[in-house]
Amino acid sequence: MMIMRLVQEEAFSEEIEALSKPVDSGVKTKSRIKRMSSIIRLDPFLDKNNVLRVGGRIGKTEMEDDLKHPIILPRKSHVTELLISHSHDKTHHQGRNMTTNEIRRSGFWIISCSSAVYSFVSNCVTCRKRRSEPQVQKMSELPFDRLQPEPPFTYSGVDFFGPFIVKEGRKEMKRWGVIFTCMASRAVHLETANSLDTSSFINALRRFMSVRGTVRQLRSDREQKFIGAKRELREAVEEMDDDHLKHYLSD
Ligand SMILES: [Zn+2]
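Residues numbered from 1 in each chain as written. Predicted model: local features only at pLDDT ≥ 70, side-chain atom pairs only at ≥ 80, totals over all residues. Heavy atoms only, no water.

Engineer: If you had to explain the layout of surface pockets to someone new, which residues and values would you point to?
Structural biologist: Estimated volume of the largest pocket: approximately 670 Å³. Around the largest pocket, the lining comprises 23 residues; the ones closest to its centre are Leu205, Met209, Leu218, Ala229 and Leu233. Listed by contribution, the elements that provide at least two residues to the lining of the largest pocket are helix H9 (198–212), strand E8 (217–219) and helix H10 (224–239). When residues of the lining of the largest pocket are assigned to their parent elements, the largest contribution, 7 residues, is made by H10. (1 Å grid on protein atoms, 1.4 Å probe; cavity = no way out; pocket = protein on both sides within 12 Å on 5 of 7 lines; lining within 4 Å. Points joined across faces, edges and corners; volume = space filled by probe spheres on them. Helix = DSSP H or I, 4+ residues; strand = E, 2+ residues; numbered from the N terminus.)

Have a look at this one:
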């Protein structure tokens, strides 16, 4: 009560002085306080401890006195700040309305309470952590092959997916899918592979290129089958009869 009185004396000294004067006969509370006072709307009065409280018409209810006539606190004071902080913690950082309700429930009336609570909550580190938007990373520039205006599948990417269980006769077997995508148009071509080894990848690649045409560049991750296929294809190219090939192509 002592602390409340000190805070109120600092903020509402004129009102308290006006209210402490003996009530003249016929003079109403409102006319004793200046019209411009920020608390005139609240019909304030001084209780037996000389604490300024909200008046009003609900004095006859059975509620606690603190709820019927909350203690008035100014918008800006250290005590107000502490009260908001305490109520906010007590409601486990549940946001503005819950904090405001907790303050009212504890029997306090803060002048422009919702904006005081709003500014407190918007500066609360815990709340900002909990309610902040996830950060979005800026994507880097697209690689060259994603931007070239070339026929579809000139620049392609490849990966395996699966396995899927299929039935051959009575046997259950694993089969994989091979997905080829065009880097520029994002078109998709699907093949199947009987296993994860290099030769079944090369078979899938040949079927793909028979339908879609040759590929200038093929992107993949560094799985064993792709690395193996790369090595085998390079060796195959090296083994090729250069002269014979030149002849054939110029024909
Ligand atoms: Zn908070």
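Engineer: Hey, could you go over the coordination of the zinc ion for me, with residue numbers and the actual values?
Structural biologist: Around the zinc ion, the donor atoms from the protein are His88 (NE2), His93 (ND1), Cys124 (SG) and Cys127 (SG), and they sit 1.9 to 2.3 Å away. Seen from the zinc ion, its 4 donor atoms lie at angles of 97 to 121°, and the figure they make is tetrahedral. Counting the intervening residues between successive donors of the zinc ion yields the motif H-x4-H-x30-C-x2-C. Per residue, the accessibility class of His88 equals that of His93, and both read buried. (Donors = N, O, S within 2.8 Å, 3.2 Å for Na, K, Ca; no water. Tetrahedral: all angles 85-135°; square planar, octahedral: opposite > 155°, others 65-115°. Buried < 20%, exposed > 50% of the residue type's maximum accessible area, 1.4 Å probe, protein only.)

Engineer: Residue-level account of the UniProt feature "domain: Integrase zinc-binding" (unreviewed entry) in the chain, with values.
Structural biologist: When the UniProt feature table is mapped to this numbering, "domain: Integrase zinc-binding" (unreviewed entry) covers residues 79–132. Along residues 79–132 the backbone is 72% helical and 6% strand, and the end-to-end C-alpha distance reaches 28 Å. (UniProt positions renumbered as here; feature names shortened; annotations may be inferred.)

Engineer: An account of helix H1 (residues 2–11) is requested, with residue identities and associated values reported.
Structural biologist: Buried residues of H1: Met4, Val7 and Gln8, and no others. Each buried residue of H1 sits inside an arc of 95° when the element is viewed along its axis, so together they form one side. Opposite the packed face of H1, turned more than 90 degrees from it, sit the exposed residues Met2 and Glu10. Residues of H1 that are buried in the fold lie against helix H2 (13–20), strand E2 (52–53), strand E3 (71–73), helix H5 (78–90) and strand E4 (108–110). (Arc of directions from axis to C-beta. Contact = heavy atoms within 4.5 Å.)

Engineer: If you had to explain the confidence of the model for the chain to someone new, which residues and values would you point to?
Structural biologist: Any region with low pLDDT has predicted coordinates that should not be read closely. The predicted model of the chain averages 87 in pLDDT, with 94% of residues at 70 or higher. Taken element by element, the predicted model of the chain shows its lowest mean pLDDT in helix H3 (residues 29–32) (60) and its highest in H5 (95). (pLDDT = per-residue confidence, 0-100.)

Engineer: Talk me through the pattern of salt bridges; I want residue IDs and the actual numbers.
Structural biologist: Here the structure, examined in full by the defined rule, presents 10 salt bridges. Residue Arg175 pairs with Glu168 through a salt bridge whose shortest N-O separation is 2.9 Å. Among the residues examined, Glu168 registers a relative accessible area of 46% and is labelled partly exposed. For Arg207, the salt bridge goes to Glu191, with nearest N and O atoms at 2.8 Å. Of the two residues, Arg207 is situated in helix H9 and Glu191 in strand E7 (residues 188–193); the sequence distance between them amounts to 16 residues. One network of salt bridges, with partners in common, ties together Asp47, Arg53 and Asp66. (Salt bridge = Lys/Arg side-chain N within 4 Å of Asp/Glu carboxyl O.)

Engineer: Could you give an account of the packing of aromatic side chains, naming the residues involved and the relevant values?
Structural biologist: Considering all chains together, one arrives at 7 aromatic pairs under this definition. Arranged with centres 5.4 Å apart and planes meeting at 80°, the rings of Phe153 and Phe208 form a pair that is edge-to-face. Taken as a pair, Phe153 in the loop between helix H8 (125–131) and strand E5 (155–168) and Phe208 in helix H9 lie far apart in primary sequence, 55 residues in all. For the residue pair Phe153 and Phe208, the accessibility class agrees, reading buried in each case. Among the aromatic residues, those joined into a ring-pair cluster are Phe153, Phe180 and Phe208. Geometry around Trp109 places Arg104 over its ring, the cationic atom sitting 4.8 Å from the centre. The positively charged end of Lys225 is found above the aromatic ring belonging to Phe160, 4.4 Å away from the centroid. (Phe/Tyr/Trp six-rings, centres within 6.5 Å; stacked < 30°, edge-to-face > 60°. Lys NZ or Arg CZ within 6 Å of the ring centre and 35° of its normal.)

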